[in-house]
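Examining the three-dimensional arrangement
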Amino acid sequence: MGVKMEMFAAEENPRACEPGEVIFRAYDMGAEMYVVLEGDVELSIGDKVVETLGPGEPFGEMALIDQAPRTGTAVAKTACKLAVIPEKRFLFLVQTTPYFALQLMKVMADRLRRMNERL
């Protein structure tokens, strides 16, 4: 389990996903990031699942940071609810909420460390 972003726990209008539903695919351009509110989401690169995320864990943020296509595919492992953070809200949160930006940096640092351990 990684860094939790509890600030989205009471999110209104979450996106509901069924098991097996593709949230986004590798090479898609991203206009939003997500935080798992309920359920589990698998992140894959190619045919390999690299991470399974649970409640409070964010994903999809890299596409908003570097404006590049998504590097992996996200699929709902179970029925789940997701907070959807569009780019405009993301930029507002980064500018006005240092805690949000710090939490995202922790998420990215944690993932990078785990990837390096696998090498």
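Residues numbered from 1 in each chain as written. Predicted model: local features only at pLDDT ≥ 70, side-chain atom pairs only at ≥ 80, totals over all residues. Heavy atoms only, no water.

The subject of this paragraph is the overall build of the chain. Across its full length, the chain carries 3 helices and 8 strands. Overall size of the chain, expressed as C-alpha extent along the three principal axes, is 40 × 30 × 25 Å. The 119 residues of the chain split such that 38% are buried. Partitioning the contacts of the chain with sequence separation of at least 6, the portion at a separation of at least 24 is 75%. (Helix = DSSP H or I, 4+ residues; strand = E, 2+ residues; numbered from the N terminus. Buried < 20%, exposed > 50% of the residue type's maximum accessible area, 1.4 Å probe, protein only. Contact = heavy atoms within 4.5 Å.)

Here we have 4 strands laid out as an open sheet, ordered β2-β7-β4-β5, and antiparallel in their pairing. Edge positions in the open sheet fall to β2 (22-24) and β5 (48-53), since each of these has one partner strand only. Neighbour-to-neighbour, the strand axes of this sheet turn through a mean angle of 30 degrees, independent of strand direction. (Pairing = 2+ DSSP bridges. Axes fitted to C-alpha atoms, helices over the stretch in contact; angles between N-to-C directions.)

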